[in-house]
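Structure at a glance
If you want the building blocks of each chain, they are given just below.
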Amino acid sequence: MSWRCQSCGCINLEGRCHQCGSPERFTAPGLGPWVFDGVSHEIVGIRRWATDSAAFRGETHGDDEFCVAHLPEDVVRWVMAAIYRKVSPLLGGAVRMHHLFARLSTEVEEATIRIHTDYGMGGAYACVLYCGDVPKRDVTADVTAGTGFFRHRTHGTHAPTDLSPTEHDRLLREDASDATAWTRLWVCPMRANRLLVYPSSAFHGRVPAAGWGTSARDGRVVIVGFFDIESGMSR
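Scoring rules and cut-offs
Residues numbered from 1 in each chain as written. Predicted model: local features only at pLDDT ≥ 70, side-chain atom pairs only at ≥ 80, totals over all residues. Heavy atoms only, no water. Helix = DSSP H or I, 4+ residues; strand = E, 2+ residues; numbered from the N terminus. Buried < 20%, exposed > 50% of the residue type's maximum accessible area, 1.4 Å probe, protein only. Contact = heavy atoms within 4.5 Å. Areas by Shrake-Rupley, 256 points an atom, 1.4 Å probe, with all protein chains shown as cover. Phe/Tyr/Trp six-rings, centres within 6.5 Å; stacked < 30°, edge-to-face > 60°. Polar contact = N/O pair within 3.5 Å; in protein donor to acceptor, adjacent residues only side chain to side chain.

In terms of regular secondary structure, the protein is built from 3 helices and 12 strands. The proportion of buried residues among the 235 residues of the protein is 49%. In the protein, 77% of the contacts between residues at least 6 apart in sequence involve partners at least 24 apart. Element-wise, carbon and sulfur atoms account for 48% of the exposed surface of the protein, whose accessible area totals about 11,600 Å².

Encoded structure:
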């Protein structure tokens, strides 16, 4: 498990930054994000399914369309085994997954900032399993490719618990693509077999906004999950 030093930006495995000595974390303790590497023993099979067999299709949610694929039973089992092994000890309970699917992003999608929360997806937490690495060609010359976390000029790093559905919808509609409304704090670099876990209330977005490739073989493929923790229970 690792965290990002807010003072100098390096990733650490310890409670204090080994480069600048700062004890300051990205957010308050318990709010994540958390990063685990090498999480699945079956990453080759997961990647093979995503590139060769997954039936990606467009699905519309509100004003947005996503290219997603539903996971077969064996892939669900492989992914959930990795999540259980890493997340249950971290958050102190059994993982109760509400939604788990693969998402494909390519260069043909609209290149907007699209900062958002996972508010309303059915779980207090979200996770992203990166199925592959960033292509060797220099598709992101000026920015680290991965998942970015942001601070909103009014609401901070996480959507408040009392944020109304109306205000949340306004954020997505008016502020999500307005660069002046946000300060980027950190980008979790995309790396094959890396699991990113964060509260669903965290403001985040794909970085860079423009994707790459034209299909699952050369595009950005991730497996996304939304879940709750049943405290005091073990798997």
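Considering all chains together, one arrives at 6 aromatic pairs under this definition. Taken together, a centroid distance of 6.5 Å and an interplanar angle of 50° make the contact between Trp34 and Tyr125 tilted. A residue pair is termed long-range when its members are at least 10 positions apart, and Trp34 in strand β3 (residues 34–37) and Tyr125 in strand β7 (residues 125–130) qualify at 91 residues. Judged by relative accessible area, Trp34 falls into the buried class, the value being 10%. Summarising the aromatic geometry, the rings of Tyr125 and Phe227 are spaced 5.6 Å apart at their centres and angled 20° between planes, so their arrangement reads as stacked.

Moving on, we come to the side chain of Ser200. Position of Ser200 relative to the elements: it lies in the loop between β10 (194–199) and β11 (204–207). Take Ser200: its relative accessible area is 5%, and that puts it in the buried class. Only 2.8 Å separates the side chain of Ser200 from the backbone oxygen of Gly123, close enough to count as a polar contact. Within polar-contact distance, the side chain of Ser200 engages the backbone nitrogen of Tyr125 at 3.3 Å. Excluding residues within four positions of it along the chain, Ser200 makes contact with Thr117, Asp118, Tyr119, Gly123, Ala124, Tyr125 and Ala126.

Within the secondary structure layout, His152 lies in strand β8 (residues 146–152). A polar contact of 3.0 Å, which involves the side chain of His152, links it to the backbone nitrogen of Thr154. Ignoring any residue separated from it by four or fewer positions in sequence, one finds His152 in contact with Leu171, Asp175, Ala181, Trp182 and Phe203.

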